[in-house]
Amino acid sequence: MADPHAKPAGTPMPPEYAPHLLSPVRGLVLSPGALVRRLGLVADATVLELGPGPGYFSPAVARAVPKGRLVLVDVQQEMLEMARERLEPLGLDHVEYRLAGADSLPLESDSVDVAFLVAVLGEVPDRALCLAELHRVLRPDGLLSITEYKVGDPDYIPLRELQSSVESAGFRRSSRHGYLIHYTLGFRKTAPGVEGSWQRG
Ligand SMILES: C[S@@+](CC[C@H](N)C(=O)[O-])C[C@H]1O[C@@H](n2cnc3c(N)ncnc32)[C@H](O)[C@@H]1O
């Protein structure tokens, strides 16, 4: 089994490690149901999960939007295939699987109600560009939810650093959950995006 701590910082988790992400023990820190409650989903929402890995959170999120859609975007095909193997047998056919990097999201502007990332942003090489893309695809009243784990994640982003990065991209913090081992911050868009959205024309 590959050691995720051995990988260079700011690079994707090796797919060999992905089975660990499906451990039920994770629910002791943050269960899929608890995350769904933090996202405040409505049945017809369009949801973007950036960096789903093998899809630990994805079934619960998909079930919460039975009349909407869940778009999984990951830079590694192996991760998307693991997520597909997990979701398709459950009959969750309103889930889309898109191979893409966080710096070029395959979604229309102003098309997403909720975008969420769990233990992903620290692996993304260009954080500002990723946040500019998230700003672009979110509807004006959309929610950006970012969860980070302080323990066990070599790419952990401290809360203050994360908040500063996201606010610099044109968001304001709207909620906080979690304290000791992990946190989830919710953000809403403020003014037009900055730092990079102009680059994409
Ligand atoms: C540590 S895993 C977390 C998976 C899942 N969110 C979870 O908590 O179980 C990080 C995921 O982000 C993906 N990822 C990393 N860098 C990315 C990028 N630049 N664009 C899109 N996905 C990326 C990885 O391939 C991996 O699936």
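What you see is a predicted model; the values in this text were computed from it and never measured. Throughout, residues of each chain are indexed from 1 in the direction in which the sequence is written. pLDDT decides what is reported in this predicted model: residues at 70 or higher carry local features, side-chain atom pairs at 80 or more are listed and counted, and totals for whole chains, interfaces and linings draw on all residues regardless.

1. Observations concerning the overall build of the protein
Along its length, the protein carries five helices and seven strands. Against the globule reference of 17 Å for 201 residues, the protein gives a C-alpha radius of gyration of 16 Å, in line with a compact fold. When the backbone C-alpha atoms are referred to their principal axes, the protein occupies close to 45 × 40 × 30 Å. Neighbour counting defines burial: a residue surrounded by 20 or more other C-beta atoms within 10 Å of its own C-beta is buried, one with 12 or fewer is exposed, and intermediate counts give partly exposed, using backbone-placed C-beta atoms. The buried share of the protein, taken over its 201 residues, is 41%. Placing a C-beta atom from the backbone of each residue, one calls two residues in contact when those atoms lie within 7 Å. Counting only contacts in the protein whose residues sit at least 6 apart along the sequence, the fraction spanning at least 24 positions is 67%. Put simply, DSSP marks the helices as runs of H or I at least four residues long and the strands as runs of E at least two long, and each gets a number from the N terminus on. Radius of gyration: over C-alpha atoms. The globule rule applied is 2.2 Å multiplied by the number of residues raised to the 0.38 power.

2. Let's talk about the nonpolar core
Buried Ala, Val, Leu, Ile, Met, Phe, Trp, Tyr and Cys residues whose C-beta atoms connect them within 7 Å together make up a nonpolar core. Core analysis: the biggest nonpolar cluster contains 56 residues, and Leu48, Val114 and Ala115 have the highest contact counts within it. In this view, Leu48 contacts Val71, Val73, Leu107, Val112, Ala115 and Val137; residues no more than four positions away in its chain are not counted.

3. Thoughts on the environment of Ala9
Tracing the sequence through the fold places Ala9 in the segment before helix H1 (32-39). By C-beta crowding, Ala9 is classed as exposed, having 8 other C-beta atoms within 10 Å. Sequence spacing of Ala9 and Ser145 is 136 residues, and the spatial spacing of their C-alpha atoms is 22 Å. Ala9 has contacts with Pro154 and Asp155, leaving out every residue within four places of it along the chain.

4. Topic: the site of the ligand
As a rule, any residue with its backbone-derived C-beta atom within 6 Å of a molecule or strand is reported as near that molecule or strand. Residues in close proximity to the ligand total 19 residues, the closest being Gly51, Gly53, Val75, Ala102 and Val118. Of the residues in the shell around the ligand, the class split is 13 nonpolar, four polar and two charged. Under the scheme applied here, ten amino acids are nonpolar (Ala, Val, Leu, Ile, Met, Phe, Trp, Tyr, Cys and Pro), four are charged (Asp, Glu, Lys and Arg), and all others, including Gly, are polar.

5. Observations regarding the confidence of the model for the protein
Per-residue confidence from the predictor is reported as pLDDT, a score between 0 and 100. When pLDDT is averaged across the protein, the result is 92; 92% of the residues are at 70 or more. Note on residues 195-201: pLDDT under 50 across the span, and eleven contacts to partners over four residues away in sequence or across chains.

6. Focus: the pairing of strand S6 (residues 171-177)
In the case of a regular strand, side chains alternate between the two sheet surfaces. Relative to strand S7 (residues 182-189), S6 runs antiparallel, the two being bridged by six bridges. Paired with His177 across the strands is Thr184, a residue of S7. Taking the residues between adjacent antiparallel strands as the criterion, S6 and S7 are bridged by four residues, where Gly178 takes a positive phi near 80°. When DSSP finds two or more bridges between two strands, those strands count as paired.

7. Comments concerning the pairing of strand S1 (residues 46-50)
The element S1 is extensively covered by neighbouring structure, given that four of its five residues are classed as buried. As paired elements, S1 and strand S2 (residues 69-74) share five bridges and run parallel to each other. Within S2, the residue paired with Val47 across the bridge is Leu70. Crossover connection from S1 via helix H2 (residues 58-64) to parallel S2: handedness right-handed. Note: S1 against strand S4 (residues 112-118), three bridges, orientation parallel. Whether a crossover is right-handed comes down to one check: with the strands pointing away from the viewer, does the path from the first strand over the helix to the second run clockwise; if it does, it is right-handed.

8. Side note on the sheet that holds S1
Strand order across the open sheet formed by seven strands is S3-S2-S1-S4-S5-S7-S6, with mixed pairing between neighbours. Only two strands of the sheet have a single neighbouring strand rather than two, namely strand S3 (95-99) and S6. Taken over all neighbouring pairs, the strand axes of this sheet differ in orientation by 20° on average, direction set aside. Those strands touched by helix H3 (residues 77-87) are S2 and S3, and its axis lies near 170° from that of S3. Inter-axis angles, ranging from 0 to 180 degrees, are taken between N-to-C directions of lines fitted to C-alpha atoms, where helices are fitted over the stretch in contact.

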